[in-house]
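For reference, the chains in residue letters:
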Amino acid sequence: NSMCISAVSVVLFLFILWMLVVQLCRLTDRQSDGDAKATAVPKLLHSLSKRFSRTLSPSLSGPPSLPLLGNMLDVAQEHLPIHLTSLARRYGNIYRLNCGNTTMVILNNSEIIREALIKKWSDFAGRPHSYTGDLVSSGGRTISLGDFSEEWKAHRRVAHSALLRCTRDSLHSVVEKQAHHLCQVLWDYNGKSVDLSEDFTVAASNVITTLTFGKSYDKSSVDLKKLQDSLNKIVSLWGSPWISVLDSFPLLRKLPNPPFSRLMKEIARRDELIGKHIEEFKVRMNGQMMQTLTDTHVHMTTVDLLIGGTETTSALLNWTVAFLLHRPEVQNKVYEELCGVLDVRYPQYSDRHRLPYLCALINEMLRLRPVAPLAVPHRAIRNSSIAGHFIPKNTIIIPNLYGAHHDPEVWDDPYSFKPERFLEGGGGSLRALIPFGGGARLCLGEAVAKMEMFLFTAYLLRDFQFLPASKEEPLPDLRGVASVVLKVKPYTVIAHPREQ
Ligand code: HEM
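Model, not experiment: these values are computed from the prediction.

Draft legend 1. A look at the UniProt feature "binding site: heme" (unreviewed entry) in the chain. Mapped onto this numbering, the UniProt entry gives "binding site: heme" (unreviewed entry) at Cys-443. Tracing the chain through its elements places Cys-443 in the loop between α17 (401-404) and α18 (446-463). For Cys-443, a count of 19 C-beta atoms within 10 Å corresponds to the partly exposed category. If sequence neighbours within four positions are ignored, Cys-443 has contacts with Phe-436 and Gly-437.

Right, here's the structure in full:
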């Protein structure tokens, strides 16, 4: 109780002080209209008031901010995308949260997100600087975490054109090969009930390693295990509160922190492993992507593509099978469409226009479970505005893609799994579907991910019927676990081969 009373008195005191400052400044305003010789002190107060009132953007509402903690308790919620979406229902599609000395603005509707990321891309293409982010990205030298600068633009341009060239020349055959291999692995399970997440990760990771190192790995490969293990540990340690607290409270960096020491060790291990793969590749020189990248770009681009392109695609495949276990009639519809259109042959990406139900299923999965639910935080590079609200330079912008995809103003029955909404006349809006973000920071791997999702899903549903592990076990939990990537909780499934 006494804590509560002292917190209330601090807030009251600050409020009274603030009101005094505002009153004084109003007075000075009136005075200075008629008297150019306003004293130095009110002038100072005046400029302070202007600065603060702009910085705090009073017109932007948000949940009450606690003294010292600000909205830390909101940000520490277990399923952050769901929590931020529920706050949007209370505070509107754009609201603010305070963390330490940083103001974050949360965008929860696709039009508002499009305004910031696409229409005003040059105002919001920055990334926040953070102590731990700099350590993970070797001083902001990755594409995903690097701030907007001439060097970053050149880095992204080179990596993008190399990826485009690969997509045009060889991506289809690379993904096809992995899709065939994945089906083979599932056949070998012989109807046993298994957790497929590792197989999905290997398939997605092999697409990226073929493009970057010119090499793919078997599930049992020690090299692959080490690499995946290191990248996963970095992502999960970096997301942990023990580490993120160091960004807001620099004093804590002086204290011993075992998770932080583990993170530093993993970063060193990652760089050693990737360095080794790149050296091997240079010797063979038959990898397809790296030929267009200079040495300095190669290392961190590889980290970007492996982190950005493995867990995302594999999480989406895992979600798809989980939802299909709940709704067997949907997988039957996809199977019938595949048989009707292709007869017995395997699909090509160019068949997608003739397979509308399969495409609708993929779109519905991207809507319901956008695997990067809060994208990656943006930073305002200069003073700007969003939806008519003033946004000062350095504000952190969080595009809540999960919230935008569950906006009841845009989506009919937003929490229901309804692939048909994306069929012609079904009412689903492709404009409001923004799982890859947009603008200058649009997901670099969008084209790769789309081809992977199409071919992997089509191959899997052509060859297998996915059945629950047993009648006794509950079906997969569809709420998921949200970190940087939104994942389904582990579950097992039977991949029953279809008769061709
Ligand atoms: C279903 C799969 C995927 C989804 C839903 C997805 C989504 C996203 C999102 C939302 C962002 C952040 C955009 C922003 O900051 O506004 C992003 C960034 C990024 N993604 Fe993806 N992604 C997927 C797959 C991939 C793949 C396969 C790759 C690599 C081949 C990749 C590489 C990247 C990179 C490098 C960035 C950072 C871009 C930048 O900061 O400029 N992603 N992705």
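Draft legend 2. Broad picture of the site of the ligand. Taken together, 27 residues sit near the ligand, with Gly-308, Gly-309, Gly-437, Cys-443 and Gly-445 positioned nearest. Secondary-structure elements contributing two or more residues to the shell around the ligand are α14 (295-326) and α18. When residues in the shell around the ligand are grouped by element, the largest group, seven residues, is from α14.

Draft legend 3. Broad picture of the sheet that holds strand β8 (residues 464-468). Read from one edge to the other, the open sheet built from three strands follows the order β3-β11-β8, with strand pairing classed as antiparallel. Every interior strand has two partners, whereas the edge strands, β3 (193-194) and β8, have only one. In the sheet, β3 pairs with strand β11 (residues 493-497) via two bridges, with the strands oriented antiparallel. Each residue of the ladder has a partner; that of Ser-193, found in β11, is Ile-494.

Draft legend 4. Spatial organisation of the confidence of the model for the chain. For the chain, per-residue confidence averages 87 on the pLDDT scale, and 85% of positions sit at 70 or higher. Per-residue pLDDT stays below 50 along residues 1-5; that stretch engages in zero contacts with residues further than four places along the chain or on separate chains. Across residues 10-57, confidence stays below pLDDT 50; counting only partners more than four residues off in sequence or on other chains, it has 28 contacts.

Draft legend 5. Quick peek at the environment of Lys-489. Examined against the element boundaries, Lys-489 turns out to sit in the loop between β10 (486-487) and β11. Separated by 13 residues in sequence, Lys-489 and Pro-476 place their C-alpha atoms 7.3 Å apart. Residues within four places of Lys-489 in sequence aside, it is in contact with Pro-476, Asp-477, Gly-480 and Val-481.

Draft legend 6. The arrangement of the nonpolar core in detail. Membership of the largest hydrophobic core comes to 100 residues, with the highest contact counts inside it found for Val-105, Leu-107 and Phe-456. The element that contributes the greatest number of residues to this core is α14, accounting for 13 residues. Judged by nonpolar contacts, the second largest core, of nine residues, contains Trp-238, Leu-246, Phe-260 and Leu-263.

Cut-off values and rules
- Residues numbered from 1 in each chain as written.
- Predicted model: local features only at pLDDT ≥ 70, side-chain atom pairs only at ≥ 80, totals over all residues.
- UniProt positions renumbered as here; feature names shortened; annotations may be inferred.
- Helix = DSSP H or I, 4+ residues; strand = E, 2+ residues; numbered from the N terminus.
- Buried ≥ 20, exposed ≤ 12 C-beta atoms within 10 Å, placed from the backbone.
- Contact = placed C-beta atoms within 7 Å.
- Near = placed C-beta within 6 Å.
- Pairing = 2+ DSSP bridges.
- pLDDT = per-residue confidence, 0-100.
- Core = buried A, V, L, I, M, F, W, Y, C linked by C-beta atoms within 7 Å.

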